[in-house]
Amino acid sequence: MTRKIRDRSILFLSLPPVIYLLSMTLYPIVTNVYISLSTYTLRGDLIWVGFENYRSIAEDPYIDRVIYNTLVYTILVPALTVALALPISVSLKRVSSALLLPIMIPSFIPAATAAVMWYLMLNPFFGISYYIYQYNWASSIYTVVIIEIWRSLPLAVLIIYSGLKSIPRYIEEAAIADGIIGIRKFLSIDLPIISPQILTAFVLSMISGLFLFDPIYIGTSQAGPRALDNLAFYAFEHFYTDIRLRGYASAVIVIMTMFSTALSIVYIRLISSKTLLKIPVARSIPSIEVPKAIHYLVIALTLSFVFLPIAWLVIVSLKSAKELLTIPPTIIPRTPVLDNYLYVISTGAPYLITSISIALVVTLLSMLLSSMLGYSMALHGFGGRKLLIYILYLTATPTLIYIVPLFSILRFMGFINTWWALIVTYPIMTIPIATWIMYNYYQRYPRSVDEAAQADGMNRLKAFASIALPLSKGGMGVVAVYSFLICWGALIFPLAFTYTPYDLSNPLSFSGAQTFSIYIANLMSPVTSNYGAVAAAGVISIVPPIVLLSIVRRDLERIWGVR
C-alpha cells in the first residue's frame, strides 16, 4: 500500500510535464507528415495529394539556391565555430576561467538583436565598416555565417573548455613527467580525450545552422527575397504567405526533421561517449609551451569579436537622426541624445509588455514543471533511459518543425493572436532544456535528505514540495535564466501565431501578442527603417540578459563546471 502511495506521488509529479511534452511535440511531428501529403484549400479544408508536395520541391526553380545557402550555413558555421573554439578554450584554461562568462554573453542575446547589431555595424554607409571595406554586406550569405558564428561560438567554447577541465590530474602529471608539454601534449593527449566534446559542439552547431532563421529574417529586409534563404526560412515563408502552400512547407520541414533527427541521435550518443579519436602526431611537432602572451592575444581578439558589435549598437543608439546621416559615420557621437530610446519606449510599449509578461509566466511554469520532472527522473528513475533520451532529443530539436500542426491546434482553440498562443507553445522550447538542467542538478542532490524526509512520515510529494524544492534554488535560478531568455528572444512562434501588438485599450482580452523581437525586426524594414531606434531597441533587449547573468553568475558557473 505504501509503495502504491509513493508511486502515485511520483506520477503526480511527473505526468503533467510528460503529457504536455508528448502531446505538444510527438503529435505535431506525426501530423506534419500527414499534412506534407496533403494540401489546404482557401477554406481551410485538407485534401490528400500523396507525394505531390515532394515532387513540387524537386521542380521548384529556387530550390537549388536555397539548398546551396542551407549547405553553406550547415557546414561552414560548425566548421569555423569549432576551429575558433579550440584555441579559445585552450587559452581560457591557460589564462583564467573567469573570462568564460563575458565570452558567453552572445549566447544570451536574442538572435534578432544579434543580427541587427551586425547589420548596423557592417552597413556600408552608417556602419564602422565604412572605414574598412565599403561593401553591401546585407546581401551576402557570409554575413549570416558571421552572425551565426558569433552566436554559436560561446556554446562551442563552453563544451570544449569543460572537456579540457575534466581531464584527470594524473594524466596531466604523467604527461609532464614524460616531458610532453605544450603543443605536442595538446595534439597527442588532450585532443583525443576531448574529441567527444569537439564532435558534440560540431553537431549542435550543425543543427543550429540547418535551422538558421532570425539573421535571415532580419537580413532579407535589406538584401531582398531569396538572396539569403535557407530551407528553414523558405518553409516558414511558404507557411506564412499562403494557406495553400502549407502542405509544401510541411514537406520541406519533414525532410529537415529527418536530417535533424539523425544529427540528434549522433549528439545523444556523443554526450555519453567514452570513445577517443586517435590522432597521428608528427615527430616534428615541438614539445614546448606556447608563450602566455599568445594566449592573452587570443582572448583579447575573442573579447573584441564579442563586444565590438555591442559597442557599435550602443554608439548608434545615442546618435541624433541628423548625425546618423553623416558620411563618413562618426565613431563617437558628437552630442549624445536619448531621442531614440524615448521613441522606442513610446511606440514599443505593447510589444515590451507582451514579451516581459509572457516570459515571466512561462519561466514560472518551466521552473515548476522541470523541477517536478527532473526530481522524479534523477532520484526515482521515472521514465528510465527512454524518457531521458527523448528529453535530450527535444533539447536539440528546433521548434520550426512544429509550427504548421500547432497553428491548426491554436486556431481550433481560438488562441491565434492572443497571449495564450505563446503561453501554451513557449514551454516546448523551455521545458526540455530546463528539465535537463534540473535532472543534472538532482543527480547531485543527497538521497539521504530525501530518505530522511520519508522516515519522518512524508510521502514523496510532500518531501519534494517541503524539502527538495526549497533546497533547489541554485538549479531553479539557472532554469529561470535560460527559460526567460529563450522566451524573451523568441521570434518564430510569435511570427507564426500573432499578427498585431497587444491591445492596450482592452488589456484583459489579452489579444494581440506581437513581441519585442518582432518590433525590432519591423524597425529594420526598408519601409520604416529607423536605425537609431533599431539600435536603441537592441540595447533595451540586451539589458535583461546582462542583469540576469550578473544575478546568477555563480550558479551558472557551477552548472557549467567552471567552479
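Just so you know, these numbers come straight off a predicted model, no measurement behind them.

S.K.: I'm lost on the nonpolar core in this one. Help?
M.R.: Within soluble globular proteins, side chains that are nonpolar generally end up buried alongside one another. Counting residues in hydrophobic clusters, the biggest one holds 185 residues, and the most contacted among them are I403, Y442, F497 and F516. No other element matches helix 6 (residues 141-165), which puts 14 residues into this core. Leaving out residues up to four positions away in the same chain, Y442 has contacts with S371, G374, Y375, A378, L379, F464, A468, L469 and S472.

S.K.: Before we go on, may I ask you to explain unusual backbone geometry in this structure?
M.R.: Note: most peptide bonds trans; most residues except glycine with negative phi. The omega angle of the peptide bond from I327 to P328 is 0°, so this bond is cis rather than trans. Topologically, P328 is positioned in the loop between helix 14 (321-324) and helix 15 (339-347). Not every positive phi belongs to a glycine, and N417 is a case in point at roughly 60°. Even without a glycine there, the phi angle at F510 is positive, about 55°. With respect to the helices and strands, F510 occurs in the loop between helix 24 (492-497) and helix 25 (516-523).

S.K.: Is there a simple way to explain the packing of aromatic side chains in this structure?
M.R.: The tally for this structure, following the rule as stated, stands at 29 aromatic pairs. Pairing W419 with Y502 gives two aromatic rings, centres 4.7 Å apart and planes at 40°, and the pair type is tilted. With W419 in helix 19 (residues 419-425) and Y502 in the loop between helix 24 and helix 25, this residue pair connects regions lying 83 residues apart in the sequence. Neither residue differs from the other here; W419 and Y502 are each classed as buried. These aromatic residues form a ring-pair network of at least three members: F213, Y217, F233, F236, F239, Y240 and F407. Over the face of the ring belonging to Y62 we find R226, whose NZ or CZ atom lies 4.9 Å from the ring centre. When the ring centre of F407 is taken as origin, the NZ or CZ atom of R246, which lies over that ring, is 4.4 Å away.

S.K.: In this structure, what is going on with the packing of helix 3 (residues 63-95) against helix 6? I would like to understand it.
M.R.: Packed helix pairs are specified by the crossing angle of their axes together with the interaxial distance, meaning the distance between the axes. At their nearest, the axes of helix 3 and helix 6 sit 6 Å apart, and the two run at 40° to each other. Viewed along their axes, helix 3 and helix 6 adopt a mutual orientation that is oblique. Relative to helix 6, the crossing made by helix 3 is right-handed. Taken together, the residues of the contact of helix 3 with helix 6 break down into 24 nonpolar, four polar and three charged.

S.K.: Looking at this structure, I do not really get the packing of helix 23 (residues 473-489) against helix 26 (residues 531-551). What am I missing?
M.R.: Contact pair helix 23 / helix 26: the axes reach a minimum separation of 10 Å and the direction vectors enclose 175°. Here helix 23 lies roughly antiparallel to helix 26, going by the angle between them. Of the residues in helix 26, those in contact with V481, F484, L485 and W488 of helix 23 are I540, S541, P544, P545 and L548.

S.K.: What's the story with helix 21 (residues 447-455) in this structure? I'm lost.
M.R.: A turn of α-helix holds 3.6 residues, and therefore any two residues three or four places apart point the same way. Of the positions making up helix 21, those classed as buried are D450, A453 and Q454. Buried residues along helix 21 cover an arc of 100° about the axis, so they all sit on one side. For helix 21, exposure combined with an orientation more than 90 degrees from the buried face picks out E451 and A455. Immediately beyond the C-terminal end of helix 21, within one or two residues, lies G457, with a positive phi of roughly 95°.

S.K.: In this structure, what is going on with a nonpolar patch on the surface? I would like to understand it.
M.R.: On the surface, a nonpolar cluster with roughly 670 Å² of combined accessible area is contributed by Y131, I132, Y133, Y135, I331 and I332. Along the chain, the position of I332 falls in the loop between helix 14 and helix 15.

S.K.: Help me out: how do you make sense of the pattern of salt bridges in this one?
M.R.: Think of it this way: side chains of opposite charge can pair up when their charged atoms draw near. Scanning the entire structure with this criterion turns up nine salt bridges. Here R43 and D45 are joined by a salt bridge, their closest N and O atoms 4.0 Å apart. Here R43 falls in the exposed class, since its relative accessible area comes to 76%. Note on D45: relative accessible area 37%, which makes it partly exposed. One salt-bridge network, in which partners are shared between bridges, spans K93, E172, K185 and D190.

Each value, and the rule that gives it
Residues numbered from 1 in each chain as written. Predicted model: local features only at pLDDT ≥ 70, side-chain atom pairs only at ≥ 80, totals over all residues. Heavy atoms only, no water. Core = buried A, V, L, I, M, F, W, Y, C linked by side-chain atoms within 4.5 Å. Buried < 20%, exposed > 50% of the residue type's maximum accessible area, 1.4 Å probe, protein only. Helix = DSSP H or I, 4+ residues; strand = E, 2+ residues; numbered from the N terminus. Contact = heavy atoms within 4.5 Å. Phe/Tyr/Trp six-rings, centres within 6.5 Å; stacked < 30°, edge-to-face > 60°. Lys NZ or Arg CZ within 6 Å of the ring centre and 35° of its normal. Axes fitted to C-alpha atoms, helices over the stretch in contact; angles between N-to-C directions. Parallel < 35°, antiparallel > 145°, perpendicular 65-115°, else oblique. Left-handed = near helix turned anticlockwise from the far one by under 90°. Nonpolar A, V, L, I, M, F, W, Y, C, P; charged D, E, K, R; others polar. Arc of directions from axis to C-beta. Patch = residues over 30% accessible without salt bridge, like charges linked within 9 Å, V, L, I, M, F, W, Y side chains within 5 Å. Areas by Shrake-Rupley, 256 points an atom, 1.4 Å probe, with all protein chains shown as cover. Salt bridge = Lys/Arg side-chain N within 4 Å of Asp/Glu carboxyl O.

Honestly, that's just the spatial picture; any functional story needs more than this.
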